[in-house]
Amino acid sequence: MATRSEITIELARAADCIELAELSRVAIEYGLRWRWKPSRILGLIRGADSSVIVARDFKRQIAGFAAMEFYESHGHLSLLATQYAYRRQGIARELINWLEQSAQVAGLTYVGLEVREKNAGAIRFYEQAGYEVQVVKHGYYDGKENALRMSHQLMTAEDAARRP
């Protein structure tokens, strides 16, 4: 297992989309219809209103990744996953920090996300990162699993309006 100091975070490349889609299928979409296929992730990588970042280990292998879509007033964390061997090392937190800083620079007021209602570990992780549950979305995942919509306030709308 690599140590935290051997991890670098950078923008994802088009060539990463297959591996990221596979990681999404295994770590996020398990038991569901596969929606985040390589072409969809490639669209996020190439998109003007989205960012996909990866954490790479010292061998340049992907340890984790995150994807955020940027809207007029908020960001939406679409995907966040780490390889099993790299969990609980602070990588996911660093990925979120990177994207939240990007959202703040863009003048966005909050970041939202959905997480499986039964995923207590992920919910705890997001709560520790400052996210709060806003609403339960019944049947959100393929009509068979509920989601919690969570958000993290980055700044007030008034603060955002005052930014140059």
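None of these values were measured; they are calculated from a predicted model.

Asks: Sorry if this is basic, but what is going on with the sheet that holds strand β5 (residues 110-116) here?
Replies: Sheets are built from strands that pair by backbone hydrogen bonding, the pairs being arranged parallel or antiparallel. Read from one edge of the open sheet, 7 strands run β1-β2-β3-β4-β5-β7-β6, paired in mixed fashion. Edge positions in the open sheet fall to β1 (8-11) and β6 (132-141), since each of these has one partner strand only. Strand-to-strand, the axes of this sheet are offset by a mean angle of 25°, without reference to chain direction. Of the pairings in the sheet, the one linking β5 to strand β7 (residues 145-153) comprises 7 bridges and is antiparallel in character. The residue of β7 that forms the bridge with G112 is S151. Sheet strands touched by helix α3 (residues 91-105): β1, β2 (50-56), β3 (62-70), β4 (74-82), β5 and β7. Its angle to β3, the strand with the most contacts, is close to 25°.

Asks: For this particular structure, what's the right way to read the pattern of salt bridges?
Replies: Should their charged atoms come close, side chains of opposite charge can pair. For the structure shown, the criterion picks out 9 salt bridges. E10 is the partner of R60 in a salt bridge, and the nearest nitrogen-oxygen pair spans 2.8 Å. Here E10 lies in strand β1 and R60 lies in the loop between β2 and β3, a separation of 50 residues in the sequence. Of the charged contacts in the structure, one is a salt bridge between E114 and R149, with a shortest N-O distance of 2.8 Å. With E114 in strand β5 and R149 in strand β7, this residue pair connects regions lying 35 residues apart in the sequence. For R149, a relative accessible area of 31% corresponds to the partly exposed category. Taken together, the salt bridges that share partners define one network made up of E10, R13, D16, R56 and R60.

Definitions and limits used
- The residue numbers shown here count from 1 along each chain, following its written sequence.
- At least 70 in pLDDT is required for a residue's local features to be given in this predicted model, at least 80 for side-chain atom pairs to be given and counted, and no such filter applies to totals for whole chains, interfaces and linings, which use all residues.
- Side-chain descriptors were evaluated using all non-hydrogen atoms of the structure, hydrogens and water having been removed beforehand.
- A strand pair is defined by DSSP finding two or more bridges across the two strands.
- Helix and strand labels come from DSSP, where a helix needs a run of H or I of at least four residues and a strand needs a run of E of at least two; each type is numbered from the N terminus.
- For helices, the fitted axis covers only the stretch in contact; all axes are lines through C-alpha atoms, and the angles between them, taken along N-to-C directions, range from 0 to 180 degrees.
- Contacts are assigned to residue pairs with any non-hydrogen atoms lying within 4.5 Å of each other.
- By salt bridge we mean one thing: a side-chain nitrogen of Lys or Arg within 4 Å of a carboxyl oxygen of Asp or Glu.
- Here the term buried applies to any residue with accessible area under 20% of the maximum for its type, exposed to any over 50%, and partly exposed to those in between, with areas from a 1.4 Å probe on protein chains only.

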